[in-house]
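Coordinate analysis (summary)
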Amino acid sequence: MAMLRGKTAIITGSNSGIGLGVAEELARAGADVVLNSFTDRPEDHALAEAIAARHAVSARYIAADMSNGDDCRALVEKAGGCDILVNNAGIQFVAPVDEFPVEKWNQILAINLSSAFHTTAAALPGMKAKGWGRVVNIASAHGLTASPFKSAYIAAKHGVVGLSKTVALEVAGKGITCNAICPGYVLTPLVEAQIPDQMKVHNMDRETVIREVMLDRQPSRQFATVEQIGGTVVYLCSPAADQVTGTTISVDGGWTAM
Ligand code: NAD
């Protein structure tokens, strides 16, 4: 399938987890891809080389720290602009709001929310000039609902949903769409890292936390996969989604239906 041949996609935070899965699926659909994270190691560049080889597309890795606004804008500039922008970089921290470390709050807001503002601002002029563009923000079921102990993450993800709607309105009718995907639990390093914290907060063992706490809200009791999130991004880049804008697509096993 080469539906996206000739398009360039930037995926922030894509050296692991959902971002890497999205990059893989966009490349499978023919897009040239730009991978990103804040590290600049040989293994980061090797990920891009492997995708290029597997899918006969151009793939690059560009290091940029999404907690820094100038770095976010420089990423888009170094990539030479993009047709598809996937704002995926994100981190999590779990603590009661009255004990939430201020620096963690600021870091989560910067990486999970403000980065999408900066990259979108940098990418839109090029998309407007071409009359085609896709901005896909990876929000969360926590962009639509809340859970205790995740104040910064949930505030940032609700913010991403609001930003997506606003951008969609500003570019409506210009061939550019902006949407947010709201995954439920996808088993990635980010989720893996939450398990010890959740075990402590709830005083439960690993298996009980997974079954009773994490997948308690996901009626399917199954994790979503990175391929499914990637496939949803590819759909949003397809002609079938030309009029899908300013909305959220949940990939959450029924979480937000409850
Ligand atoms: P992950 O930890 O595997 O991936 C996060 C990515 O962001 C990594 O590539 C990491 O290197 C990158 N990153 C972190 N800080 C960065 C920074 N300062 N600059 C640049 N890159 C940075 O986690 P994931 O589960 O794949 O999460 C990806 C996105 O999906 C996040 O926005 C997360 O909130 C969202 N999400 C995940 C789940 C889930 O269950 N895994 C559910 C809903 C939403």
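Residues numbered from 1 in each chain as written. Predicted model: local features only at pLDDT ≥ 70, side-chain atom pairs only at ≥ 80, totals over all residues. Heavy atoms only, no water.

Attention now moves to the overall build of the chain. In terms of helices and strands, the chain carries eight helices and seven strands. In terms of overall dimensions, the chain is globule-like: its C-alpha atoms have a radius of gyration of 18 Å, near the 18 Å expected for 258 residues. C-alpha atoms of the chain, sized along the principal axes, occupy 50 × 40 × 35 Å. Taking contacts inside the chain between residues at least 6 apart in sequence as the whole, the part at least 24 apart equals 73%. Of the roughly 11,100 Å² of accessible surface on the chain, 55% is carried by carbon and sulfur atoms. Side chains of the chain carry 21 positive and 25 negative charges; the gap between the two charge centres is 6 Å. (Helix = DSSP H or I, 4+ residues; strand = E, 2+ residues; numbered from the N terminus. Rg over C-alpha atoms; globule rule 2.2 N^0.38 Å. Contact = heavy atoms within 4.5 Å. Areas by Shrake-Rupley, 256 points an atom, 1.4 Å probe, with all protein chains shown as cover. Lys, Arg positive; Asp, Glu negative; His and termini not counted. Charge placed at Lys NZ, Arg CZ, Asp CG, Glu CD.)

Right, let's get into the sheet that holds strand 1 (residues 8–11). Strand order across the open sheet formed by seven strands is 3-2-1-4-5-6-7, with parallel pairing between neighbours. The open sheet terminates on both sides in strands that have one partner only, identified here as strand 3 (59–63) and strand 7 (248–251). The mean inter-strand angle of the sheet, taken between neighbouring strand axes irrespective of direction, is 20°. As paired strands, strand 5 (residues 133–138) and strand 6 (residues 176–183) are joined by six bridges and run parallel to one another. Bridged to Gly133 within strand 6 is Ile176. (Pairing = 2+ DSSP bridges. Axes fitted to C-alpha atoms, helices over the stretch in contact; angles between N-to-C directions.)

Let us look at the pairing of strand 6. In terms of residue burial, strand 6 counts as a mostly covered element, since eight of its eight residues are buried. Here strand 6 shows two buried faces, one formed by Ile176, Cys178, Ala180 and Cys182 and the other by Thr177, Asn179, Ile181 and Pro183. As for the winding sense of the linkage, the β-α-β connection from strand 5 through helix 5 (residues 151–171) to strand 6 is right-handed. Two strands pair when backbone bridges link them, and strand 6 and strand 7 are joined in this way by four bridges, in the parallel orientation. By the bridge assignment, Pro183 is partnered in strand 7 with Val251. (Buried < 20%, exposed > 50% of the residue type's maximum accessible area, 1.4 Å probe, protein only. Right-handed = clockwise from strand over helix to strand, strands pointing away.)

Counting through the fold element by element, Ser37 comes out in strand 2 (residues 32–37). For Ser37, the residues in contact, after removing those within four places along its chain, are Asn15, Tyr61, Ile62, Ala63 and Ala64.

Bringing the state of the cysteines into the picture now. For the coordinates displayed, the defined rule picks out zero disulfides. Cys182 takes part in no disulfide bond, and the closest cysteine sulfur, belonging to Cys178, lies 12 Å away. (Disulfide = S-S within 2.5 Å.)

Another aspect to go through is the domain arrangement of the chain. Domain assignment breaks the chain into domain 1 (8–186 + 224–251) and domain 2 (187–223). Each of domain 1 and domain 2 was reduced to a C-alpha centroid, and the two centroids are 24 Å apart. Each partner contributes to the interface: domain 1 provides 19 residues, whereas domain 2 provides 15 residues. Interface area, domain 1 with domain 2, both sides summed: about 1,200 Å², of which 59% is carbon and sulfur. Looking only at domain 1, the three residues that lose the most surface to domain 2 are Val94, Tyr185 and Val186, adding up to 46% of its buried area. On inspection of domain 1 and its partner domain 2, the count reaches zero salt bridges. There are six residue pairs in polar contact (both at pLDDT 80 or more) connecting domain 1 and domain 2. Taken together, the residues of the side of domain 1 that touches domain 2 sort by class into nine nonpolar, nine polar and one charged. (Domains from an automatic or database assignment. Buried area = accessible area lost by both parts, 1.4 Å probe. Salt bridge = Lys/Arg side-chain N within 4 Å of Asp/Glu carboxyl O. Polar contact = N/O pair within 3.5 Å; in protein donor to acceptor, adjacent residues only side chain to side chain. Nonpolar A, V, L, I, M, F, W, Y, C, P; charged D, E, K, R; others polar.)

In the neighbourhood of the ligand, 31 residues make up the surrounding shell, with Asn15, Ser37, Tyr153, Val186 and Thr188 lying closest. Interatomic distance of 2.7 Å between a side-chain N/O atom of Ser16 and an oxygen atom of the ligand. Here Ser37 contributes a side-chain N or O atom positioned 2.7 Å from an oxygen atom of the ligand. The protein chains hide 93% of the 820 Å² of surface that the ligand would expose on its own. Elements with a contribution of two residues or more to the shell around the ligand: helix 1 (17–28), strand 2, helix 5 and helix 6 (189–202). (Near = heavy atom within 4 Å.)

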